[in-house]
Amino acid sequence: MRQFFPFLILLSILSITSCTQKYYIVRHAEKAQASDGMVMNTPNDPPLSAAGNQRAIALKERLSAEKIDAIFSTNTVRTLTTAAGVASDKKLEVQQYAKVDSIFLNKLRSQKGNVLIVGHSNTVDDLVNGLMGKEEFKDLPDSAYDNLFIVLVKGKRLTFLREKYGQPSQ
């Protein structure tokens, strides 16, 4: 039994540290504007701007060392493009969601492993607040694109982190 004691300690440490689930939540990257000198065929569903494409690359780089097991995005060009680099890097399909409601939040909670969710300035707070079970913040300003919100779940303990990634927003 004594010879197995160090192994049991190591096994306990590994199981404790690997039980943290992470939800990475971002707003889509910068969207193109009609004033950017382009004709938009879909003004209600604009693509990413050059700065937005750079931010999507920055998101992929920021999450490259993280284990991501699922990716969710709304069905817009800007959110899907923001998620695409991470999805390609992790060899995952982007799953689409229509709205942030109790059904979608329960689906997120039932996921095994770490999850990336790409939303909008008026839904990122719903995602974070819904996962945390309390209000952490309200809608993002329309000019805020550089926030990476992380909800950590370890057992019943929830922790909220707010980081920045890519170039600072205007």
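Refer to the preceding data block for the structure.
Let us look at the structure shown here.

Rules and cut-offs
- Per chain, residues are indexed from 1 in the order of the written sequence.
- Restriction of local features to residues with pLDDT of at least 70 applies here, the model being predicted, together with a cutoff of 80 or more for giving and counting side-chain atom pairs; totals for whole chains, interfaces and linings are based on all residues.
- The side-chain numbers reported here are obtained from all heavy atoms of the structure, hydrogens and water having been left aside.
- Going along the chain from the N terminus, every DSSP run of H or I of four or more residues is numbered as a helix, and every run of E of two or more is numbered as a strand.
- Note on areas: Shrake-Rupley with a 1.4 Å probe; residue coverage comes only from the protein chains shown.
- Each residue's exposure class comes from its accessible area (1.4 Å probe, protein chains only) as a fraction of the maximum for that residue type: buried when under 20%, exposed when over 50%, partly exposed otherwise.
- Note on geometry: axes are lines fitted to C-alpha atoms, helical ones only across the stretch in contact, with angles between N-to-C directions running from 0 to 180 degrees.
- In this scheme the crossing of two helices becomes right-handed for a clockwise turn of the near helix relative to the far one and left-handed for an anticlockwise turn of less than a right angle.
- When checking whether two residues touch, look at their non-hydrogen atoms; a contact exists if any pair is within 4.5 Å.
- In this classification, Asp, Glu, Lys and Arg are treated as charged, Ala, Val, Leu, Ile, Met, Phe, Trp, Tyr, Cys and Pro as nonpolar, and every other residue, Gly included, as polar.
- Between any two strands, pairing holds if DSSP finds at least two bridges.
- A pair is scored as a salt bridge if a Lys or Arg side-chain nitrogen falls within 4 Å of a carboxyl oxygen belonging to Asp or Glu.

1. Section: the overall build of the protein
Within the protein, the secondary structure is distributed over five helices and six strands. Here the protein displays about 9,900 Å² of accessible surface, and carbon together with sulfur accounts for 55% of that area.

2. Some points on unusual backbone geometry
For K91, which is not glycine, the phi torsion reads 55 degrees and is therefore positive. On the basis of relative accessibility, which here comes to 75%, the residue K91 falls in the exposed class.

3. Points about the packing of helix α4 (residues 102-110) against helix α5 (residues 124-132)
Packed helices, taken two at a time, are described by the angle between their axes plus the distance between the axes. At a closest axis distance of 10 Å, the pairing of α4 and α5 adopts a crossing angle of 60 degrees. Here the hand of the crossing between α4 and α5 comes out right-handed. Judged by residue contacts, F104, L105, L108 and R109 of α4 engage D126, L127, G130 and L131 from α5. Residues belonging to the contact of α4 with α5 are distributed by class as follows: five nonpolar, one polar and two charged.

4. Description of the sheet that holds strand β6 (residues 157-164)
Two pairing modes exist for strands in a sheet, parallel and antiparallel, and in both the strands are linked by backbone hydrogen bonds. With mixed pairing, the six strands of this open sheet are ordered in space as β3-β2-β4-β1-β5-β6. Each edge of the open sheet is held by one strand with a lone partner, namely β3 (94-96) and β6. Across the sheet, the mean angle from the axis of one strand to that of its neighbour is 20 degrees, orientation sign disregarded. The pairing of strand β2 (residues 70-73) with β3 spans three bridges and is classified as parallel. If you follow I71 over to β3, its bridge partner there is V94.

5. A short note on the pattern of salt bridges
Tallied over the full model, the rule gives 10 salt bridges. One salt bridge connects E30 with R55, and the closest N-O pair in it is separated by 2.9 Å. Taken together, the positions of E30 in the loop between β1 (20-27) and α2 (50-63) and R55 in helix α2 put the pair 25 residues apart, joining distant regions of the chain. For E30, a relative accessible area of 14% translates into the label buried. Between E66 and R62 there is a salt bridge, with its nearest N and O atoms 3.5 Å apart.

6. Considerations on the pairing of strand β5 (residues 147-154)
In the case of a regular strand, side chains alternate between the two sheet surfaces. In terms of residue burial, β5 counts as a mostly covered element, since seven of its eight residues are buried. Where β1 and β5 come together, seven bridges link them in antiparallel fashion. Residue pairing for β5: K22 is matched across the bridge by L152. Hairpin remark: β5 followed by β6, antiparallel, with two residues in the connecting loop; positive phi at G155, about 65 degrees.

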